[in-house]
Each structure stands twice: as structure tokens, then as C-alpha cells.
Amino acid sequence: MSENESSFACFFDIDGVITKGPNTIPAAKLAIKKLVEYNIPYVFVSNTCMLETEKAEQLSNMLEVPVHPKQVVLAHTPMRCLSDFHSKHVLVCGQGDIEDIAQTVGFKDTTTIERLCAAFPELDMVDHTHRTKLCEMIKNEGLVHSKDFHPIDAVVLLGEPINWETSLQIITDILLTHGNPNDTVNPSWAGPHIPVIACNKDLVFKAFADLPRFGHGAFLTCLEALYNKLSGNDLVYTALVGKPYEISFQYSEMMANKLARAKHLPKIERMYFVGDNPEVDIVGANLYNALLKRAKSSNDSFTGCGLLAHPHLLSAKSCESILVCTGVFDPTIHHINVKQPWAIPTTIQPDVLGAVNYVLSKEHII
């Protein structure tokens, strides 16, 4: 294989491309094994929020090929580059091992919604049983707050929580009090709030059910509406990561170049992104392609959600978008909306094997 032929990499969404719910899409094993056979760097890019090590192990077992954690870029993974916030006291919200996840990407001082509720028992009043318990506390010992609490410096939203009502209440409290629930006398109804960093804003997803299910974007929509209603201001995010935001594509390219270097291959010049969701995967890949073709002197993202502060190992000149028909997009039901140019793919393929064959054919490998 010549240097020119090997200076590309493939990038794959997971659910709807590699997997369908708990099952592996049959074409995926053959597709990935072809890339292994031809020594092509590839990276999985998903808006899932879990430990990269766990996702890599899961993919290894499903695809029957070794998958290294560095080949997995999840929604939160680019937060590793947000070093300005890593030493701050952050409130993390989501479900599962959210503190472990936050710590693996660099956050050193974290607090959860649950611990904040325990420190300030008067905050979570949606559950009426909490009101009864609070009345008993006040009657027997007065209102007791944690003496160890120190103000929140930033909010990190890793995914939709289980109990939305509690999380919506507590996060709104933190935003209105500039991170200090002790300051309930004069909440800040105007002016900037503390930094908010959020993973993907996918409104819905499709996995086990035929009908769309609410995703993290639905939770964020509720948070934005409540904050606006109470403060009169829009909720402005300090950073948004995950697809379709360019920072996640930058980070994925950086990982692909590290893989290429380890394989003694030249730097990546051409990226091929395979996804099943036109509004997320295809929009993201097309936005990144436009970013790559823009003048290097411009440091602004198209989405306005930030780029890597100190980019390195970025060499790509193009990013093609490949839409497959095994997930969100079903050609028997859906049609490409020509009025949304960002959502128009470079090509549509039946499945991930078709996508890989398209790439290898275009690169004159098969």
C-alpha cells in the first residue's frame, strides 16, 4: 500500500451502524475485519456516556477484534481538553458512573446532585415525602446544612439523569445562586451564570423502541426553558461536546493520527465518517468538512460551541459523510431533506460493509 493510499481513516457511529440495541449488525464484523486486514486506522465516535474502557471491551467482544480505549471517542471524551475546568469544583449530572467518568476526563473535584441534596435538604421538594422529613428535621434539630460544602464553580452535564425533576431544580438553583445554595436571599435573576459544559444535545434516539425516545437534548431543552422562565435570560453553554460539534470531530481526528503514527502510517488527510442519523452524524461530518476547507487563520467553529484550544495532530483536508440505512435513517420511510444542505450525505450505503467497500474502492484498495 502506498503512502497516498494509506493517508485516510474511517470513523463510525456505534448504535445504528455497528449495533442495533443489544445486537451486533451482521455487516459490522465483516466491515471492521476488512479494515484490520488492510491496516486502516479507525475510530468509533458515539454520543454514549460511559467509560471508554468499558465501551472498548464491549466492542471487542461484539466485533471479535481488539478495540483499544483510544479508538473510542464518546460524548464526554473531548472534555479531556477542557483543562481550565479540571481543578474547579464541578457539579456533575447524569446516570451511572458519572463521577468516575468525570474523573477519567480530568475533573478532580466533583459533587453529585444527590450529595448536594443531602447537604441542603430544603432544595428538593418535588417529592412530597421530602417535605415531611424536612419538617421533622426542623422541628427536632433545626435546618441542618453540611459544613463541608464549598460553592460550585461549574456544572458538567454528562447525560440525562434518572430523576429529571430533582436535577432540573438543583441545577437551576446552582445557576441562579452562582454556585452557592446558601445564597438564597438574593438569587441572581440577571447577569451571567456559572459555566455550563454539556455533552450532546440529541433530542431523541432510537434503539429498542420503534418510537423515538427522549435523549439528553430533551432534558437540556427543559433546563433551558426553566432557566429562561425564571431568569429572563437564555442559558448559554460554555462548551458543548459530542456530535455534531466540531470539537468531537477534531478529537477523533487526533486519535486517528495517533493510531496512524503507531502503525507507521502517514498523517491522515482524508476522513470518512459513517453514521445513521442525518441530523447528528451527517450534519457533524459536513460541518467538519467545511471547517477543514476554511482558511486556517479562522479559529471559530460553525456551531459557535468552541474548538480545541491547542490542537495538535490535526492534518485532515476533507471529511466525507456516509449515511447507512440500518438505524435512524430508513429509506422506505425517510427522504433526504434538500432544504437542509448540512444534512445531505456524500453517499448513502445500505450498511456499514457497503460504506467500507465504498471507501476502499474510492481509495483504490479494492
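Residues numbered from 1 in each chain as written. Predicted model: local features only at pLDDT ≥ 70, side-chain atom pairs only at ≥ 80, totals over all residues. Heavy atoms only, no water.

1. Quick notes on the overall build of the protein chain
Across its full length, the protein chain holds eleven helices and 15 strands. Rg of the C-alpha trace for the protein chain: 22 Å, near the compact-globule value of 21 Å for 366 residues, within the 12% margin. Its C-alpha atoms give the protein chain principal-axis dimensions of roughly 75 × 45 × 40 Å. Split into buried and exposed, the 366 residues of the protein chain put 52% on the buried side. Averaging the locations of the 30 positively and 41 negatively charged side chains of the protein chain gives two centres separated by 5 Å. (Helix = DSSP H or I, 4+ residues; strand = E, 2+ residues; numbered from the N terminus. Rg over C-alpha atoms; globule rule 2.2 N^0.38 Å. Buried < 20%, exposed > 50% of the residue type's maximum accessible area, 1.4 Å probe, protein only. Lys, Arg positive; Asp, Glu negative; His and termini not counted. Charge placed at Lys NZ, Arg CZ, Asp CG, Glu CD.)

2. Side note on helix α3 (residues 52-63)
Two residues of an α-helix separated by three or four positions point the same way, owing to the 3.6 residues in each turn. For α3, spanning twelve residues, the distance from its first C-alpha to its last is 16 Å, which sits close to the expected 16 Å at 1.5 Å a residue. Those residues of α3 lying buried are Glu-52, Lys-55, Ala-56, Leu-59, Ser-60, Met-62 and Leu-63. Packing partners of the buried residues in α3 comprise β2 (19-20), β3 (23-24), α2 (26-37), β4 (42-45), β5 (72-73) and α4 (98-104). Where α3 ends, the next residue or the one after it, Glu-64, has phi of about 60°, a positive value. (Expected span 1.5 Å × (residues − 1). Contact = heavy atoms within 4.5 Å.)

3. Things to note about the domain arrangement of the protein chain
We note that the domain assignment places domain 1 (7-75 + 246-363) and domain 2 (79-241) within the protein chain. Summarising the inter-unit geometry, the C-alpha centres of domain 1 and domain 2 are found 31 Å apart. Every contact between the two is made by 18 residues of domain 1 and, on the other side, 16 residues of domain 2. Buried surface at the junction of domain 1 and domain 2, both sides included, amounts to about 1500 Å², of which 62% is carbon and sulfur. Applying the counting criterion to the domain 1 and domain 2 interface returns one salt bridge. Across the salt bridge formed by Arg-80 and Glu-52, the nearest N and O atoms sit 2.8 Å from each other. In terms of residue count, the dominant contributor to the side of domain 1 that touches domain 2 is helix α9 (residues 246-262) (four residues). Split by residue class, the side of domain 1 that touches domain 2 holds twelve nonpolar, three polar and three charged. (Domains from an automatic or database assignment. Buried area = accessible area lost by both parts, 1.4 Å probe. Salt bridge = Lys/Arg side-chain N within 4 Å of Asp/Glu carboxyl O. Nonpolar A, V, L, I, M, F, W, Y, C, P; charged D, E, K, R; others polar.)

4. Considerations on the pairing of strand β6 (residues 89-93)
Across the five residues of β6, five count as buried, placing the element largely inside the fold. The two faces of β6 match: His-89, Leu-91 and Cys-93 on one face and Val-90 and Val-92 on the other face are all buried. Two strands pair when backbone bridges link them, and β6 and strand β7 (residues 109-112) are joined in this way by four bridges, in the parallel orientation. Paired with Leu-91 across the strands is Thr-111, a residue of β7. Of the crossover connections in this fold, the one passing from β6 over α4 to the parallel β7 is right-handed. (Pairing = 2+ DSSP bridges. Right-handed = clockwise from strand over helix to strand, strands pointing away.)

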